[in-house]
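A structural walkthrough
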2 protein chains.
Amino acid sequence: MFFEGSEKKLEIIVAASAPNLRELDVSFWSALVNCAHAEILSQLSNADCDAYLLSESSLFVWHDRFVMLTCGNSTLVDAACYFIDALGVPAMALVSYQRKNEYQAHLQTTSFADDVGKLRQRIAGKAMRVGHLDSHHHYFFCSDSDYRAPKDDQSCELLMYHIRGELADYLNGGSQSKAEICAALELNDLFPDFELDAHLFDPSGFSMNGLWGKYYVTLHITPQSENACASSYVSFETNLDLAQYPQQLLRRLLALFSPVSWDTIGFNINDSTQGFPAHLCLGRGSLTTEQGYDIRFSHYQQLDAEVLIPEFM
Amino acid sequence: MFFEGSEKKLEIIVAASAPNLRELDVSFWSALVNCAHAEILSQLSNADCDAYLLSESSLFVWHDRFVMLTCGNSTLVDAACYFIDALGVPAMALVSYQRKNEYQAHLQTTSFADDVGKLRQRIAGKAMRVGHLDSHHHYFFCSDSDYRAPKDDQSCELLMYHIRGELADYLNGGSQSKAEICAALELNDLFPDFELDAHLFDPSGFSMNGLWGKYYVTLHITPQSENACASSYVSFETNLDLAQYPQQLLRRLLALFSPVSWDTIGFNINDSTQGFPAHLCLGRGSLTTEQGYDIRFSHYQQLDAEVLIPEFM
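Just so it is clear, the structure is predicted and the values come from calculations on it, not from any experiment.

Things to note about the overall build of chain A
A tally of helices and strands in chain A yields 7 helices and 18 strands. C-alpha atoms of chain A, sized along the principal axes, occupy 55 × 40 × 40 Å. Taking all 313 residues of chain A together, 60% fall into the buried category. By sequence separation, contacts in chain A at least 24 residues apart represent 65% of the contacts at least 6 residues apart. For chain A, the computed accessible surface area is about 11900 Å², with 50% contributed by carbon and sulfur atoms.

Quick word on the pairing of strand E1 (residues 8-14) of chain B
Residue and element names in this part refer to chain B. Counting buried positions along E1 gives 7 out of 7 residues, so the element sits mostly inside the fold. A two-sided burial pattern is seen for E1, the buried positions comprising Lys8, Leu10, Ile12 and Val14 on one face and Lys9, Glu11 and Ile13 on the other. As judged from the 6 bridges shared by E1 and strand E5 (residues 65-70), these two strands associate in the antiparallel manner. The partner of Lys8 across the bridge, within E5, is Thr70.

A look at unusual backbone geometry
Residues and elements named next belong to chain A. Each neighbour pair has its own omega, and for Asp202 with Pro203 the value is 10 degrees, a cis peptide bond. Here Pro203 is to be found in the loop between strand E10 (195-200) and strand E11 (206-212). With a phi angle near 60 degrees, Asn268 is a residue other than glycine that sits in the positive phi range. Looking at the secondary structure, you find Asn268 in the loop between strand E14 (261-267) and strand E15 (279-288). For Asn268, a relative accessible area of 11% puts it in the buried group.

A few points about the packing of aromatic side chains
Under the criterion given, the structure shown has 48 aromatic pairs over all chains. Over the face of the ring belonging to Phe267 of chain B we find Lys9 of chain B, whose NZ or CZ atom lies 5.4 Å from the ring centre.

Focus: the interface of chain A and chain B
Note on interface size: it is often stated as the accessible area lost on association of the parts. Each side of the interface is counted separately: chain A has 44 residues, and chain B has 43 residues. Of all residues in chain A, Asp134, Leu308 and Met313 of chain A bury the most surface against chain B, accounting for 21% of the area lost on that side. Between the two partners, chain A and chain B, sit 20 residue pairs in polar contact (both at pLDDT 80 or more). When residues of the side of chain A that touches chain B are traced back to their parent elements, those giving at least two are helix H3 (112-120), strand E7 (125-130), E15, strand E16 (294-302), strand E17 (306-307) and strand E18 (311-312) of chain A. Of the residues forming the side of chain A that touches chain B, the biggest block, 8 residues, is contributed by E15 of chain A. Its residues assigned to classes, the side of chain A that touches chain B shows 23 nonpolar, 14 polar and 7 charged. Looking at chain direction, E17 of chain A and strand E15 (residues 279-288) of chain B are connected through 2 bridges and run parallel. By the bridge assignment, Glu306 of chain A is partnered in E15 of chain B with Gly283 of chain B.

What counts and what doesn't
- Residues numbered from 1 in each chain as written.
- Chains lettered and ligands numbered in written order.
- Predicted model: local features only at pLDDT ≥ 70, side-chain atom pairs only at ≥ 80, totals over all residues.
- Heavy atoms only, no water.
- Helix = DSSP H or I, 4+ residues; strand = E, 2+ residues; numbered from the N terminus.
- Buried < 20%, exposed > 50% of the residue type's maximum accessible area, 1.4 Å probe, protein only.
- Contact = heavy atoms within 4.5 Å.
- Areas by Shrake-Rupley, 256 points an atom, 1.4 Å probe, with all protein chains shown as cover.
- Pairing = 2+ DSSP bridges.
- Phe/Tyr/Trp six-rings, centres within 6.5 Å; stacked < 30°, edge-to-face > 60°.
- Lys NZ or Arg CZ within 6 Å of the ring centre and 35° of its normal.
- Buried area = accessible area lost by both parts, 1.4 Å probe.
- Polar contact = N/O pair within 3.5 Å; in protein donor to acceptor, adjacent residues only side chain to side chain.
- Nonpolar A, V, L, I, M, F, W, Y, C, P; charged D, E, K, R; others polar.

Right, dumping it as structure tokens:
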């Protein structure tokens, strides 16, 4: 029983001529989510944003944009196509679509190249890969557009592979409760100003969305209890300005989960490694899109050569 | 135009009751090779072994065993099944089947799990993976058997990813000749006692088999000229006792190809890194099979964090 934790990510910014996305009926978002083979589980809202917790990750909707993450064998590109078809190409200011390398790419319904083919039937754009195919790598698609990103349009993703230690053992253990996990993750301390919405999956898996004004945080844990640390995966993402935020989020999450390897993907942020555990940087890449996003990708691994345990099949 | 360089490997040792494999007609081996969607291109023979150069790598046949490597989208497991069905399970002393992690696993016809399913319909055996799915990893299948490997039943594989430097540039260049490549590889100096059989593929790719008594060497180069070093791959394999052989084969091949990362897989050898270029060992694993094979897998990377160049799609 393998579950692919690594996510696909869609961000669409709409043009000024488009309707206020928050005024679209929830049935619209529900149908969009269904296109990706996911379901809405719960909702959190404030004056700026609607945050939906999904059966396969999260959806955040602001008046002029939305961000959607889906893991597993979801078909996020079909949600993108549904949205583009519903509002029309002229209403798109920017369509951005990402895929991380999967643990088991051959079990996915489509490849990134397939997805880009579908997107390009609707909207022109640049597609690229950063990172070698035999190691961590990330795929980006970005539509051609006149949109210019403001400097404070920031986001940061932390992707953690093969979690270890006390918290990992607990998450891989038999019985857990949502309250215990929230406490173990120190969520109230990490995100004191955020309103949080968490979900514990059966038999395992934990998702959390948080909102604070226009800022979101989202955390998804795929512990993979069947195979211990074989393919565990934890992702964290936020549009906070990490340099200004009082909690050292990345450092503390890395200390909690103690992953064997991790990646950071930053849009318009400095990729500081201050406070990271002792590590090797195996590779880093950056690119600047026409819209002014400075995208930085870095791949880290714990310092010591790992002793790999054969896994019987 | 992507070509998967990484190989699948089959080794079958037959029981004393089985026929001398070298007395089987070439039509038998040709049919077996066809099962994997490959063809025999040329043959080299000596008193101990027949070495076939294939459209997708190599086949070596001794009187009591054969080793077959195939790359690309070949179906080597079907060749294994053909052989087992032709000679019968009682004639099998040991069936061993390996797959390296592929650059693009989703483009393969089958997964390792699929392959093991086919093998287990015929013969029981242990299957395992060494290495994490998001990094270099190797799959092994080994049939349950009473066979006991002699200590000198050694082999060593060197797998090189993302070749760089003068030789890589030449191999990725427009016009090459077999003689020039053999000279650039210093084959006569590396293998002075071996008889060699080489093939240059169109538009690119180079394969070489060599025989010296019961010893073989085989080298396969997938330069991937279309995408520069994006997914280049070079493999070298031998059953020589490297500790006794006067040429420092692994060191010299690593110096020639200057790969970003490389793996070694040794059966009953010491995995010495003497003379390797400056490197990080990202992981290592070992296991001993019931038949007495001590298998060691190590994954290395060049020392410096690599600057990853976005690759447009």
